[in-house]
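# An overview of the molecular structure
Okay, here's what each chain looks like letter by letter:
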Amino acid sequence: MLRAPLGRLVAFCSRRALLVVVLATVLAAGALLVTRARLGVSTDTGNLFSASLPWKQRANVLKRDFPQNEDLLVAVIRADIPEEGQETARQLAAVLAAQTARFKSVRRPDADPYLARNALLFLAPKPLEALLNATIDAQPFLGQLAADPSSRGLFEALGLIGDGIAHGQANLANFQAPLRAFARNLGEAAAGHPTPLSWQRLLTSSLSDLGGQYQFVETQPRLNFGSFAPGGVATDAMRAAIAALPEVRAGHAQVYITGQVALDDEEFASVAEGAVKELIASLVLVTLWLFLAVRSWRIIIPIVIVLLLGLLLTTGFAAIAVGTLNLVSVAFAVLFVGIAVDFAIQFSVRFRAQRHGTGQPLPLLLSLSETGRETGVQILIAASATAAGFLAFTPTAFRGVAQLGLIAGVGMLIAFACTLTVLPALLMLFGYLPTGVDEGFAWARRYDRLFRRNRRRLIAGFAVLGLAGAALLPLLRFDGDPLHTKNPNWPGMRALHLLMNNPQTSPYSAEMLVPDLAAARALAVRLEKLPLVSDVRTLDSFVPTDQDQKLPLIQDAASLLLPTLLPYQVAPAPDAAAIRAAMLKTVASLAPVLGKLTADDPLRAITAALQILSKRPDADLLAANRALVQYLPVTLDQLRTVLQAKPTGLGDVPPGIARDWILPDGQAHMEVHVRNGASDSATLNRFLREVRGVYPNVSGSVVTIIASASTIVSAFKIAALSALAMIALILLIALRRLRDVALVLAPLLLSAMLTVILCLVLRQPLNFANIIALPLLLGVGVSFNIYFMMNWRAGMRDPLGSPTAKAVLFSALTTGTAFGSLALSHHPGTASMGRLLLMSLACTLLATLVFEPALLPRRRQDPH
């Protein structure tokens, strides 16, 4: 019914070729202007899902109520000793806070004075008692250092130890660790490499461990969303500030940059890395396949122009229809090119066959008209079925594929229109001249006969594979963790991996909002009993527990230690001569008692190092002095502060901390951490089930990962069934035979099951990035099978030796080359998308070129 009208349409466009090309150019220019003005891209994985989903609504409430936790750029500091890390963090925060044009806020969440003041109260009673007892035992030593916080004071204290040993009054069992630390640092100084000594580890080791091994500087940068790296300016500023820090330059501290802003920017950079080379290589190979398919630049150039035109028009539609693309819908270009090139190749190969189908070439205009009559309906049905398949994804809650389905679905209709209007016009203008007979692959005809002879075996074998794929389908895993699609070697990801093993800093947690703090307390008690829960953090977590036990211990220790730590007079800083004299005096005190010590006693190493250092130049002595006591005054100040702890309640928690855990209306924020910083999917699923069993309305990163995966799987189940139903309906209307509809859909389903088997064998999970392979499989599979079916109905005798098979093969090679370039991407998500696209395309080609010819019923006219 439509053969004649479509043939006339092609003829009309061919006769008015110049006008058609001009109109197409105007449309392309308009689409380009609309794209530049309206189209954007968002890397926020939160935009991939409908805001009406319950779990998404809860996540959005947390974002709205706690905006200070969004769009963070975080510096993670790791240093040789805690003091260097703290000083590095302090200096970095000060530098960044002054750059108000680049940063909206800068804070150190682990360095609030409230936390430092009450540090002893946050220890458990037994570790607190042990720390205080050890500190009291060191009272004489501390008194000497408080009165003279220099190496001179340290050496004189060591000399007192020598006197004690000489009189049999020294029990050094509890001082071995500090003495070994002194010996190590003095030995390094004697070797010409003085390194700072950590007095926190020596005097307050429990407090040093309480804060963990990392320091943090959290910032909220001012983002430029007009750039592919919105946080690029702020990140560059942070890197520059880090490079200038003294401890970093000395190699004593390392600073890593992470946070959502850094990860998003790195994602764009990773996608772009090597993209130009890969694109050029892909274009070269695509051009090669096109040349082998149509053998003339006069056809290749029109095909490329039509692809670019269709892509521009589809992009313009995307700009109008959706405005902002997400991480999934941005791949519409891959889908468009992968399928639209098939339409163009089908038309062009059949056009060459028309030209060469008789002894004398047909006139160019008549050849184009006849090609339109023969291929127009096939391409229309393929485009309609493919578009219907894509559009079936539009109503789903997975907005990523919903957008992709809308854009790609309309894109298929645009590709059809361009193929039957602009392509004939360009072929007319380029005036293709015949070069020889071209009617497909003559060598492939023997495989047609082979497949027909072994028809039952092939169908049985593929049926077994299909059933196996269906049985294995439940094992196909969807990985909903967006971190798994990122390059683990990115700086931001390396920093994040450093934090994952600690439940307190792991990015995997559950969060919830409850009516008030009383409800949070009751809920926390129940949650902390769960096997996979490490801890539950609420505002109460910032109020020390068991204060009635701890405060008397601290007050008793303070009564003994504070008089010692608060001397009436502090000695002035010594010069090199005073340091040398103190060294010699200490050596004189220690040397006579070395015979009473064991061979590995650290006092032996201390004495030897002091003997060497005492002979060094003044500059070396001053450097050693600085390394030994650089952080002593700060540590003594901290010790004085924590010994003056007082009863603390909720009212004492600073607003800067409280605002992260309590809202003005009294609602309480809770955070539940998974035990041992687990990050594997199975553990996170069990963890979430446990938490939901206690409180169903939970949110947080773990919920986002698991619920998003569930949403995607559900969306694809519904969309796949809807797509198959719509495609079947279109095929039934077009083909009017249930048998023929089944002959088109059977290879499509087989290729899907073969893809499932390949994914499991090659351990390729589905994820946010590669999920688009499934709608592409649908589109390409339907198109390829429709061509074979309709040409077989028209009397085609040897499917594999026909121009249709040639067009299908080169279309697949062209599409596969484009996907192959994606598989080589530096971005893991994009690379996984390329791999899965190649896998699904290979399965589709196998089903189309082997299973479909065997499946087609044998007719009388078919050769045996």
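Since this is a predicted model, take the numbers as computed values, not measurements.

Cut-offs and rules
Residues numbered from 1 in each chain as written. Predicted model: local features only at pLDDT ≥ 70, side-chain atom pairs only at ≥ 80, totals over all residues. Heavy atoms only, no water. Buried < 20%, exposed > 50% of the residue type's maximum accessible area, 1.4 Å probe, protein only. Helix = DSSP H or I, 4+ residues; strand = E, 2+ residues; numbered from the N terminus. Pairing = 2+ DSSP bridges. Core = buried A, V, L, I, M, F, W, Y, C linked by side-chain atoms within 4.5 Å. Contact = heavy atoms within 4.5 Å. Phe/Tyr/Trp six-rings, centres within 6.5 Å; stacked < 30°, edge-to-face > 60°. Disulfide = S-S within 2.5 Å. Axes fitted to C-alpha atoms, helices over the stretch in contact; angles between N-to-C directions. Patch = residues over 30% accessible without salt bridge, like charges linked within 9 Å, V, L, I, M, F, W, Y side chains within 5 Å. Areas by Shrake-Rupley, 256 points an atom, 1.4 Å probe, with all protein chains shown as cover. Salt bridge = Lys/Arg side-chain N within 4 Å of Asp/Glu carboxyl O. Bend = angle between axes of the 7 residues up to and from the residue. Arc of directions from axis to C-beta. Polar contact = N/O pair within 3.5 Å; in protein donor to acceptor, adjacent residues only side chain to side chain.

In terms of burial, strand β2 (residues 73–79) is largely enclosed, as six of its seven residues are buried. Where β2 meets strand β4 (residues 214–221), six bridges bridge the pair, whose relative direction is antiparallel. Among the inter-strand pairings, Ile77 is bridged to a residue of β4, identified as Gln215. For β2 and strand β5 (residues 253–258), the ladder comprises six bridges, and the chain directions are antiparallel. Note on β5: the bridge partner recorded for Arg78 is Gln254.

What follows covers the nonpolar core. Core analysis: the largest hydrophobic core is formed by 169 residues, its most contacted members being Phe398 and Leu527. For this core, the element with the most residues is helix α19 (residues 399–430), which contributes 15 residues. Ignoring anything within four residues of it in the chain, the contact list for Phe398 reads Leu48, Phe49, Val328, Thr711, Ile712, Ala715, Phe716, Phe768 and Ile771. Grouped together as the second largest cluster of nonpolar side chains are 58 residues, Ala119, Leu123, Leu145 and Leu597 included.

Our next topic: the packing of aromatic side chains. Enumeration over the complete set of coordinates arrives at eight aromatic pairs. With centroids separated by 5.6 Å and ring planes inclined at 50°, the aromatic side chains of Phe182 and Trp199 adopt a geometry described as tilted. Here Phe182, found in helix α9 (residues 176–190), pairs with Trp199, found in helix α10 (residues 199–203); they are 17 residues apart in sequence, far enough to count as distant. Comparing Phe182 with Trp199, the two get one shared label, buried. Residues Phe462 and Phe851 carry aromatic rings whose centres are separated by 5.3 Å and whose planes lie at 65° to one another, so their mutual orientation is edge-to-face. Taken together, the residues Phe462 in helix α21 (residues 455–472) and Phe851 in helix α35 (residues 828–855) connect sequence positions 389 residues apart. Classification of Phe462 by relative accessible area gives buried; the value is 9%. An aromatic cluster is defined as three or more aromatic residues linked by ring pairs; in this entry it consists of Phe49, Trp55 and Phe398.

As a further point, take the state of the cysteines. One pass over the full model with this rule turns up zero disulfides. Free of any disulfide, Cys418 has its nearest cysteine sulfur in Cys13, 11 Å distant. You can call Cys418 buried: its relative accessible area is 4%.

Picture the strands of a sheet paired through backbone hydrogen bonds; they go either parallel or antiparallel. The antiparallel open sheet is built from four strands, whose spatial order is β3-β4-β2-β5. A single partner strand is all that each edge strand has here, and the edge strands are β3 (103–107) and β5. Strand-to-strand twist of the sheet, defined as the mean angle between neighbouring strand axes without regard to direction, takes the value 20°. The strands touched by helix α12 (residues 232–243) within the sheet are β2, β3, β4 and β5, with β5 carrying the most contacts at an inclination of about 175°. Contacts from helix α22 (residues 491–499) reach β2, β4 and β5, with the element oriented near 110° to β5.

Turning next to the sheet that holds strand β8 (residues 533–537). The strand order across the open sheet formed by three strands is β7-β9-β8, and the pairing between neighbours is antiparallel. The open sheet has two edge strands, β7 (509–514) and β8, and neither has a second partner. Between one strand axis and the next, the sheet turns by 20° as a mean value, whatever way the strands run. By the bridge criterion, six bridges tie β7 to strand β9 (residues 668–674) in an arrangement that is antiparallel. If you follow Ala510 over to β9, its bridge partner there is Val672. Sitting on the sheet, helix α23 (residues 517–527) touches β7, β8 and β9, and the angle it makes with β9 is about 15°.

This brings us to a nonpolar patch on the surface. Side chains of Leu18, Val22, Val26 and Leu429 sit close together on the surface and give an oily, nonpolar patch of about 380 Å² of accessible area. When residues of the nonpolar patch are assigned to their parent elements, the largest contribution, three residues, is made by helix α2 (residues 17–38). Assignment of secondary structure puts Val26 in helix α2. The exposure class of Val26 is exposed, given its relative accessible area of 56%.

Residue Ser559 marks the point of greatest curvature in helix α24 (residues 547–565), where the axis turns by about 40°; the proline Pro563 follows within four residues. Here α24 has its buried residues at Gln547, Lys550, Leu551, Ile554, Ala557, Ala558, Leu561, Leu562, Thr564 and Leu565. On its buried face, α24 is in contact with α6 (125–137), α7 (139–147) and α28 (632–642).

A word on α23. Those residues of α23 lying buried are Leu517, Ala520, Leu523, Ala524 and Leu527. Burial along α23 is one-sided: seen end-on, the buried residues are contained in an arc of 115°. Those residues of α23 hidden inside the fold are in contact with β7, β8, β9 and α30 (681–694). Of the residues flanking the start of α23, the one acting as N-cap is Asp516, its side-chain oxygen 3.2 Å from the backbone nitrogen of Ala518.

This next bit is on the pattern of salt bridges. Overall, the coordinates contain 12 salt bridges when judged by the stated rule. Among the salt bridges present, the one from Glu370 reaches Arg373, with a minimum N-O distance of 3.8 Å. Taken together, the residues Glu370 and Arg373, both in helix α18 (residues 364–391) and three residues apart, mark about one turn of the helix. On the basis of relative accessibility, which here comes to 24%, the residue Glu370 falls in the partly exposed class. A relative accessible area of 27% means that Arg373 is categorised as partly exposed. Here the residues in one salt-bridge network are Arg107, Glu218 and Asp660, joined through shared partners.

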